[in-house]
Amino acid sequence: GCSNTSNTVVVINPLPSPTASNNSPVCVGGVFSLIGNGGLSYLWSGPNGFFSSTQSPSVAAQAPTQSGNYTLTVADNIGCTNTAVTSVIVNAFPIPNIISSNKTACAPHCVTFTVGSTTVLQTTSWSYNGGNVNNGPNTQYCFDASGIYTVTADVVDVNNCKNSTTYTVEVYPNPVADFNFSPLKPII
């Protein structure tokens, strides 16, 4: 018997170890950052057809539908790939509305304002015509003079998302009573 031996060296390379994270939760109108590490090339995919080949992209938060899982695929120098996932939360901003006891009034008159919202509010700040800031879910302003007044409610919801709304009140002057008495002349 003839025999022969051959040796082959097999190298098994470890997979890359990617990490994926983000800075959410964020509010609509903000920016969330996807943070990737652990590879030489990066490919992100996510909700609504999101794709990016940037290691750590910054993304404009335009809608709550951007919430969800973002998958990072990394490759090393010999083409081995691995994935990691991070979950992003994009919160809608509150949509406040002002409810008033009067849309129009005669001066002097006090008007009560209450704010409502589609989400639970944490704080409300009120101002009218740029001044007199009050805090709380409702407020009352007394208008001493006629004019058009703009009442603003700045709200922050439980997700720390902010928004504001305005309401216009028109205050009319009180009519002035004019008492002109002329003496009656007897009819002859």
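Here the structure is shown first, and the text comes after it.
Residues numbered from 1 in each chain as written. Predicted model: local features only at pLDDT ≥ 70, side-chain atom pairs only at ≥ 80, totals over all residues. Heavy atoms only, no water.

Undergrad: So what's going on with the overall build of the chain? Residues and values would help.
TA: Summing up its helical and strand segments, the chain has zero helices and 17 strands in all. Here the C-alpha coordinates of the chain stretch approximately 160 × 25 × 20 Å along the principal axes. The proportion of buried residues among the 188 residues of the chain is 32%. Within the chain, contacts between residues separated by at least 24 positions form 54% of all contacts whose residues are at least 6 apart in sequence. As presented, the chain carries roughly 11,800 Å² of accessible surface, and 54% of it is formed by carbon and sulfur atoms. (Helix = DSSP H or I, 4+ residues; strand = E, 2+ residues; numbered from the N terminus. Buried < 20%, exposed > 50% of the residue type's maximum accessible area, 1.4 Å probe, protein only. Contact = heavy atoms within 4.5 Å. Areas by Shrake-Rupley, 256 points an atom, 1.4 Å probe, with all protein chains shown as cover.)

Undergrad: An account of the state of the cysteines is requested, with residue identities and associated values reported.
TA: One pass over the full model with this rule turns up two disulfides. Paired through a disulfide, C27 and C161 show a sulfur-sulfur distance of 2.0 Å. Taking the torsion about the sulfur-sulfur bond, which here is approximately -95°, the covalent link between C27 and C161 counts as left-handed. Within this pair, whereas C27 is found in strand β2 (residues 26-27), its partner C161 is found in the loop between β16 (147-157) and β17 (162-172), the two being separated by 134 residues in sequence. Each member of the pair, C27 as well as C161, carries the same accessibility label: buried. (Disulfide = S-S within 2.5 Å.)

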